[in-house]
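Each chain, written out:
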Amino acid sequence: MPPVIKTIDIMSLKCGIVGLPNVGKSTLFNCISSGKAQSANFPFCTIEPNIGSTIVPDKRLEVLEKLCNPKRVVPATVEIVDIAGLVKGASKGEGLGNQFLANIRETDAILHVLRCFDDPNIVHVDGSVDPVRDKEVIDMELQMKDLETVENRLAKVQKQAQAGGDKNAKKLYELLLRYKEALLAGKSCRTVQPETPEEEQMSKDLFLLTDKPVMYVCNVDEASAAHGNEYVERVKEAVKDENAEILVIAAKIESDIAELETYDERQMFLEEMGLEESGVVRLIQKAYSLLNLQTFFTAGADECRAWTICKGDKAPKAAGVIHSDFEKGFIRAEVIKYDDFVELKSEAACRAAGKLGIEGKDYVVQDGDIMHFLFNV
């Protein structure tokens, strides 16, 4: 049986930035978010989580804007949460660890920032730069917290499961045992794949920290921005079996780019650095992909808008992202493929050319679909 693909609640989409103190988390947050986190050269500079939102870059929306000339354009967004630096012992409350770990629990994915640069002017909490060691410190703290959660739940459901009267308790008990086995072996919960939709829901309800998708963000110096460095190669080797995303980014350069006022200035800066697009754009796109998300559009004279759904979602679920009534009273969807719309330049032309499809409740929405929903409540 193939593994069950995990889904998330689109209405509360959040990515949490984590890492040790002084690795560049808040600098990165300031670059990609509308929020402005404090950034300074000492641990626990960030105490309360900083929350901001950022758009998901999508050139298709720019094309639709030119074709439709709408009154407004609304891109998709991702919420970014900058969580204070974790330290050894965080799972036991060290360095305000319990508060920080609670903040991570509320996110859908983790952006784990690793320091991959040397700078004698920026202190490291462990006295030297070693991104693989830093990764293992964070992993261990998150795994220890998850082990505590799993063992507490096992104690509660064990009697019910062994009594045999509650099938769900037995399934949960078996899933918890698999999680415990992985954690005791030093593995994260994401290595345990739910085998059924019921297990997937149970997994979500546990809110395990190491069950979340993770992207390792290697923060490098300016000279390593385009091609990485030895530290990055060590990280790649260490995470090769984790099925995780890796992104190389120079947070200091991204901070400089964010200060430039015009698009042309930013592009010129990127070209000088040997980069095709900013690290922030790549990060947001990878985070979107990491969460198994895709985009459909609504397009017209009033508004062109990008909507976020999970890959595999059917038409009624997509309608419900716009409004819950659309899903409840779903009748059908009118669908135009993005390429057809661009080629024919309008909905009327697509309709006349037979390029507008009428789809029912079982239609699986494709990335880039332009949709109009008919419903009755």
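Heads up: the structure comes first, above all this text.
Numbers given for residues are sequential positions, taken from 1 along each chain in its written order. For a predicted model such as this one, the threshold for reporting local features is a pLDDT of at least 70, and the threshold for listing and counting side-chain atom pairs is 80 or more; totals across whole chains, interfaces and linings nevertheless cover every residue. Side-chain measures were taken over the full set of non-hydrogen atoms in the model, leaving aside hydrogen atoms and water.

So, about the pairing of strand S4 (residues 77-82). Sheet topology note: the strand S1 (residues 14-18)/S4 ladder contains four bridges and is parallel. Directly across from Ile-17, in S4, lies its bridge partner Asp-82. When DSSP locates at least two bridges between a pair of strands, those strands are taken to pair. Here a strand is any run of E in DSSP of at least two residues, a helix any run of H or I of at least four, and the numbering for each starts at the N terminus. Relative to S4, strand S2 (residues 50-55) is paired through six bridges, and the arrangement is antiparallel. Across the sheet, the residue bridging to Asn-50 is Asp-82, located in S4.

Now for helix H7 (residues 230-238). Because each turn of an α-helix spans 3.6 residues, side chains separated by three or four positions end up pointing in the same direction. Think of it in three bands: with a 1.4 Å probe and only protein chains considered, a residue is buried below 20% of the maximum accessible area for its type, exposed above 50%, and partly exposed in between. Taken residue by residue, H7 has Tyr-231, Val-232 and Val-235 as its buried positions. Looking straight down H7, one finds its buried side chains confined to an arc of 100°; they lie on one side. Contacts: residue pairs with any heavy atoms within 4.5 Å of one another. The secondary structure elements touched by the buried residues of H7 are strand S5 (109-115), helix H4 (131-163), strand S6 (214-219) and strand S7 (245-249). In protein, a polar contact requires one atom able to donate a hydrogen and another able to accept it; more generally it is a pair of N or O atoms within 3.5 Å, and residues adjacent in sequence count only if both atoms are side-chain atoms. A side-chain oxygen of the first residue of H7 lies 3.1 Å from the backbone nitrogen of Tyr-231; this N-cap is Asn-229. To be clear, the arc concerns the directions from the helix axis to the C-beta atoms.

On to the packing of helix H5 (residues 167-184) against helix H6 (residues 197-206). Where H5 meets H6, the axes come as close as 10 Å, and the angle between the chain directions of the two elements is 65°. Here H5 lies roughly perpendicular to H6, going by the angle between them. H5 and H6 meet at a crossing whose hand is right-handed. Side by side, H5 and H6 meet where Asn-168, Lys-171, Leu-172, Leu-175, Leu-176, Arg-178 and Tyr-179 of the first sit next to Glu-199, Met-202, Ser-203 and Leu-206 of the second. For this classification, Asp, Glu, Lys and Arg are treated as charged, while Ala, Val, Leu, Ile, Met, Phe, Trp, Tyr, Cys and Pro are nonpolar and the rest, including Gly, are polar. Among the residues making up the contact of H5 with H6, the classes are represented as six nonpolar, two polar and three charged. Each axis is a line fitted through C-alpha atoms, taken for helices only over the stretch in contact, and angles between the N-to-C directions span 0 to 180 degrees. With respect to orientation, any angle under 35 degrees is reported as roughly parallel, any angle over 145 as roughly antiparallel, any angle of 65 to 115 as roughly perpendicular, and every other angle as oblique. Whether a crossing is left-handed or right-handed is set by the direction in which the near helix is turned from the far one by less than a right angle, anticlockwise for left-handed and clockwise for right-handed.

Let us look at the nonpolar core. The biggest cluster of nonpolar side chains holds 68 residues, and the ones touching the most others in it are Cys-15, Ile-80, Leu-111, Cys-116, Met-215, Val-217 and Leu-283. Looking at which element gives the most residues to this core, the answer is helix H10 (residues 279-290), with six residues. Among all residues touching Leu-111, those that are not within four sequence positions of it are Cys-15, Gly-16, Ile-17, Val-18, Met-215, Val-217, Leu-283 and Ala-287. Ranked by size, the runner-up nonpolar core spans 17 residues in total, among them Leu-147, Ala-182, Met-202 and Leu-208. For this analysis, a nonpolar core means a set of buried residues of the types Ala, Val, Leu, Ile, Met, Phe, Trp, Tyr and Cys, connected via side-chain atoms within 4.5 Å.

What follows deals with the side chain of Lys-135. Residue placement: Lys-135 occurs in helix H4. Excluding residues that lie within four positions of it along the chain, Lys-135 makes contacts with His-112, Leu-114, Tyr-216, Val-239 and Glu-242.

Right, let's talk about the sheet that holds S1 for a bit. Judged by pairing direction, the sheet is mixed, and its six strands sit side by side in the order S2-S4-S1-S5-S6-S7 without closing on themselves. If you trace the sheet from one side to the other, it starts and ends with S2 and S7, each paired once. With strand direction ignored, the average angle separating the axes of adjacent strands in the sheet is 25°. Direction of pairing for S5 relative to S6: parallel, over a ladder of six bridges.

In this structure, Gly-360 sits in the loop between strand S11 (356-359) and strand S12 (370-375). Remark: the alpha-carbon pair of Gly-360 and Phe-330, spanning 30 residues in sequence, is separated by 8.7 Å. Residues within four places of Gly-360 in sequence aside, it is in contact with Ala-315 and Phe-330.

The backbone of Asn-22 sits at a positive phi, close to 65°, despite the residue not being glycine. By the element assignment, Asn-22 lies in the loop between S1 and helix H1 (25-32). At Phe-207, a position not held by glycine, the phi torsion is positive, near 55°. By the element assignment, Phe-207 lies in the loop between H6 and S6.

A few words on the pattern of salt bridges. Only one rule defines a salt bridge in this text: a Lys or Arg side-chain nitrogen within 4 Å of an Asp or Glu carboxyl oxygen. Counted according to the given criterion, the structure contains 22 salt bridges. For Lys-14, the salt bridge identified is with Glu-79, shortest N-O distance 3.7 Å. Here Lys-14 is found in strand S1, whereas its partner Glu-79 is found in strand S4, with 65 residues between them in sequence. When salt bridges that share partners are traced, they join Asp-58, Arg-60 and Asp-367 into one network.

The next thing to look at is the environment of Glu-106. Secondary-structure assignment places Glu-106 in the loop between helix H3 (97-105) and S5. In the structure, Glu-106 is positioned 102 residues away from Leu-208 in sequence and 10.0 Å away in space, judged by C-alpha atoms.

Moving on, we get to H10. In a regular helix each residue adds 1.5 Å, so 12 residues correspond to 16 Å; H10 covers 16 Å between its end C-alpha atoms and thus fits that length. Along H10, the residues that are buried comprise Gly-279, Val-280, Leu-283, Ile-284, Ala-287, Tyr-288 and Leu-290. Looking one or two residues beyond H10, the residue adopting positive phi is Asn-292, at roughly 65°. To estimate how far a helix should extend, the number of its residues minus one is multiplied by 1.5 Å.

Before going further, it helps to examine the side chain of Arg-190. In this structure, Arg-190 sits in the loop between H5 and H6. We score Asp and Glu as negative and Lys and Arg as positive, and we do not count His or the chain ends. No salt bridge forms around the buried Arg-190; measuring N to O, its nearest opposite-charge neighbour Glu-242 is 4.1 Å away. In this structure the side chain of Arg-190 is engaged in a polar contact, spanning 2.8 Å, whose partner is the backbone oxygen of Lys-212. Dropping the residues within four chain positions of it, Arg-190 is found in contact with Thr-210, Asp-211, Lys-212, Val-214 and Glu-242.

Sulfur atoms of two cysteines make up a disulfide when they are within 2.5 Å. Tallied over the entire structure, the rule returns zero disulfides. Left unpaired, Cys-304 is separated from the closest cysteine sulfur, that of Cys-68, by 3.9 Å.

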